[in-house]
Amino acid sequence: MRDSEADKARSLVERARRLVVLTGAGVSADSGVPTFRGEGGLWKRHRPEELATPGAFDRDPRLVWEWYAWRRERVLACEPNPAHHALADWCRRRPETCLVTQNVDGLHARAAEAVGAVDGRLVELHGSLFRVRCTACAYRAAHTDPVDATALDRLPRCPDCGALLRPAVVWFGEPLDGGALAEAFASASGADVCLVVGTSAVVHPAASIPLATLASGGIVVEVNPDATALTPRSEVSLRGRAALLLPGILRRTR
Ligand code: BV8
Ligand code: ZN
């Protein structure tokens, strides 16, 4: 990719009055977290409809927990990569930035903790692998202990009512948290630049967030090794890996 494209992207982001960022699985790819649709992707062995749905959990909670237990262990062995750190450092310097992620791997939050940017505006649109909620009452909690999914009667249960606990993630066919969605779209509508990193822009309503910035007269800057449906709508679309490109785009210039 020609430097001018990367320089143009850096200048557009640096001069943004208000930036909103949307990330997908690609921002975690360089940490070793499998993406959903890529080679070796999470959906390779299973289709989303098979596992990441309420019906799948109702039919076979042990199988669904087995998949999530595997993903949790896999992610806990990963570290935030230079893309996560560049975004966390940017958000510490510019706390008005809203960082919206589709990812449930918690790596943005870990990068923010590392730079003390915990007061930044991080919206985890689809929840987190490391939070659980009760299938029957209002109980919800952080949860990082290993989950034994070898048998139904070993699955985690609610300490308040004894019902099965589930991963506090948003499954296909489930509504997103209203507050998170409202914050994401309000930020996107109020932004003059939407930086879209590592998403195939297939899953809705997340994929519509950059369109809110465009609708209010803003522009989109995309970072992705592949073209996506957003590419034709992007002012600049950089073909490359987030871990290699983001530190340059977000670097401190003053
Ligand atoms: C809802 C949590 C309504 C669980 C996830 C409108 C149009 C079409 C369909 C729909 C629509 N509205 C709703 C739907 C249905 C559905 C949907 O969008 N289906 C898709 C498949 C067509 N949406 C829903 O069901 C949503 N719910 O709308 O509810 C409602 C309202 C009221 C009452 C009832 C219902 C819920 C969607 C959330 C699903 N949960 N995750 C879990 O993770 O287990 S989705 C999951 O998949 C991720 O969170 C993420 O959102 C998505 C994966 O997408 P990406 O992150 O983009 O990852 P992907 O692998 O696809 O792409 C990676 C990209 O990175 C690639 O482009 C690659 O090139 C790039 N890359 C690779 N390496 C790098 C890189 N980039 C940079 N650097 C690198 N190194
Ligand atoms: Zn309960």
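The rules behind these values
Residues numbered from 1 in each chain as written. Chains lettered and ligands numbered in written order. Predicted model: local features only at pLDDT ≥ 70, side-chain atom pairs only at ≥ 80, totals over all residues. Heavy atoms only, no water. Donors = N, O, S within 2.8 Å, 3.2 Å for Na, K, Ca; no water. Tetrahedral: all angles 85-135°; square planar, octahedral: opposite > 155°, others 65-115°. Helix = DSSP H or I, 4+ residues; strand = E, 2+ residues; numbered from the N terminus. Buried < 20%, exposed > 50% of the residue type's maximum accessible area, 1.4 Å probe, protein only. Core = buried A, V, L, I, M, F, W, Y, C linked by side-chain atoms within 4.5 Å. Contact = heavy atoms within 4.5 Å.

Visitor: Could you give an account of the coordination of the zinc ion (ligand 2), naming the residues involved and the relevant values?
Guide: Only Cys134 (SG), Cys137 (SG), Cys158 (SG) and Cys161 (SG) from the protein coordinate the zinc ion (ligand 2), and they sit 2.2 to 2.3 Å from it. Coordination at the zinc ion (ligand 2) comes from 4 donor atoms whose angles at the metal span 99 to 123 degrees, giving a geometry best classed as tetrahedral. Binding-site remark: the zinc ion (ligand 2) is held by donors from one chain whose sequence spacing is C-x2-C-x20-C-x2-C. In this pair, Cys134 sits in strand β4 (residues 127-134) while Cys158 sits in the loop between β5 (140-142) and β6 (165-169), placing the two residues 24 residues apart along the sequence. An identical accessibility class is assigned to Cys134 and Cys158; each is buried.

Visitor: So, the nonpolar core: which residues are in play, and what are the values?
Guide: Counting residues in each nonpolar core, the largest one holds 27 residues, and the members touching the most others are Phe57, Val64, Trp65, Tyr68, Leu129 and Trp171. The set of elements that each furnish at least two residues to this core consists of α5 (54-59), α6 (61-76), β4 and β6. Broken down by element, this core gets its largest block of residues, 6 residues, from α6. Residues within four places of Trp171 in sequence aside, it is in contact with Leu51, Ala52, Thr53, Pro54, Phe57, Val64, Tyr68 and Arg166. One finds Leu87, Cys91, Val223 and Leu238 within the second-largest nonpolar core, a separate group that totals 26 residues.

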